[in-house]
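Listed here are the chains, written in short residue letters.
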Amino acid sequence: MLEHPTPAPTPEEGTLLSLTNTGVTAQVADPISEGPCGDDNCGIRDTLDRLGDKWTVLVLVELHKGTRRFSELQRAIPGISQRMLTLTTKRLGRDGFLERTAYPTIPPQVEYRLTDLGYSLAGVAADLADWSRDHMDAVGEARAKWDAEHREER
């Protein structure tokens, strides 16, 4: 049996008595299950990682409108480079959100379309884009107000 050199804190103090005392561990750890997914892995981190990059939402929203060729996607998303569009579409394809069809033509023609899974996510992304557009001014005003009130903290 392990002996503690000093008395261990009680669970009410917010620390575990020991790693082997599962009863106490469960009591103290229980508030963690109140997170966005409870105590399971619901995939929210993976989804946010995918949506959190600079280009994914824009690609999803554009493909939500229908099948697009690579060049059409690139023209529809200002500022995206060929390399970033290629990486973004590969990642979305890997996650099962889009399908890539290459036609044996010269020059090669490639089309992208959303899968059913991608279409369901693109609807949420389109709603987020709409919300962003509708509230852009209010967010800008809130930032300006906060910055003015917290100048000395920066």
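Refer to the preceding data block for the structure.
Residues numbered from 1 in each chain as written. Predicted model: local features only at pLDDT ≥ 70, side-chain atom pairs only at ≥ 80, totals over all residues. Heavy atoms only, no water.

Here we look at the packing of helix α3 (residues 56-64) against helix α5 (residues 82-94)
Step number 1: Packing of α3 against α5 leaves a shortest axis separation of 10 Å and a crossing angle of 75°. The orientation of α3 relative to α5 falls into the category roughly perpendicular. For the pair α3 and α5, the contacting residues are T56, V59 and L60 in the first and L85, T88 and L92 in the second.
Step number 2: Across the contact of α3 with α5, the residue classes tally to four nonpolar, two polar and no charged. (Axes fitted to C-alpha atoms, helices over the stretch in contact; angles between N-to-C directions. Helix = DSSP H or I, 4+ residues; strand = E, 2+ residues; numbered from the N terminus. Parallel < 35°, antiparallel > 145°, perpendicular 65-115°, else oblique. Contact = heavy atoms within 4.5 Å. Nonpolar A, V, L, I, M, F, W, Y, C, P; charged D, E, K, R; others polar.)

With respect to α3
Step number 1: Among the residues of α3, those classed as buried are T56, V57, V59, L60, E62 and L63.
Step number 2: Following α3 by one or two positions, G66 has its phi on the positive side, about 145°. (Buried < 20%, exposed > 50% of the residue type's maximum accessible area, 1.4 Å probe, protein only.)

A closer look at the sheet that holds strand β1 (residues 68-69)
Step number 1: The strand order across the open sheet formed by three strands is β1-β3-β2, and the pairing between neighbours is antiparallel. Every interior strand has two partners, whereas the edge strands, β1 and β2 (98-103), have only one.
Step number 2: Bridging between β2 and strand β3 (residues 109-114) involves six bridges; their strand directions are antiparallel. For Y103, the partnering residue across the bridge sits in β3 and is Q109. (Pairing = 2+ DSSP bridges.)

Structural notes on the nonpolar core
Step number 1: Counting 20 residues, the largest nonpolar core has V59, L60, L63 and Y112 as the members making the most contacts within it.
Step number 2: Mapped by element, the contributors of at least two residues to this core are α3, α4 (70-76), α5, β3 and α6 (116-149).
Step number 3: With four residues, α3 is the single largest residue contributor to this core.
Step number 4: Setting aside residues up to four positions removed in sequence, V59 forms contacts with L73, I77, I80, L85, T88 and L92. (Core = buried A, V, L, I, M, F, W, Y, C linked by side-chain atoms within 4.5 Å.)

Structural notes on the packing of aromatic side chains
Step number 1: For the structure on display, the rule yields one aromatic pair.
Step number 2: On the numbers, 6.3 Å between centres and 50° between planes, the contact of F70 with Y112 is tilted. Taken together, the residues span a long stretch of sequence, with F70 in helix α4 and Y112 in strand β3 at a distance of 42 residues. The pair F70 / Y112 is uniform in exposure class, with both members buried. (Phe/Tyr/Trp six-rings, centres within 6.5 Å; stacked < 30°, edge-to-face > 60°.)

Quick look at the side chain of T115
Step number 1: Mapped onto the fold, T115 is located in the loop between β3 and α6.
Step number 2: A distance of 3.0 Å separates a polar side-chain atom of T115 from the backbone nitrogen of G118.
Step number 3: Look past the residues within four positions of T115 in its chain and what remains in contact with it is G96, F97, L98 and E99. (Polar contact = N/O pair within 3.5 Å; in protein donor to acceptor, adjacent residues only side chain to side chain.)

Observations concerning the pattern of salt bridges
Step number 1: What the rule picks out here adds up to five salt bridges.
Step number 2: Note that K65 is salt-bridged to E62, the shortest N-O span being 3.1 Å.
Step number 3: Here K65 falls in the exposed class, since its relative accessible area comes to 56%.
Step number 4: With relative accessibility at 11%, the residue E62 sits in the buried group.
Step number 5: For R133, the salt bridge identified is with D130, shortest N-O distance 2.9 Å. Placement of both R133 and D130 in helix α6 is noted, with a separation of three residues, approximately one turn of the helix.
Step number 6: A relative accessible area of 54% places R133 in the exposed class.
Step number 7: The exposure class assigned to D130 is partly exposed, which follows from its relative accessible area of 35%. (Salt bridge = Lys/Arg side-chain N within 4 Å of Asp/Glu carboxyl O.)

By themselves these figures say nothing about function.
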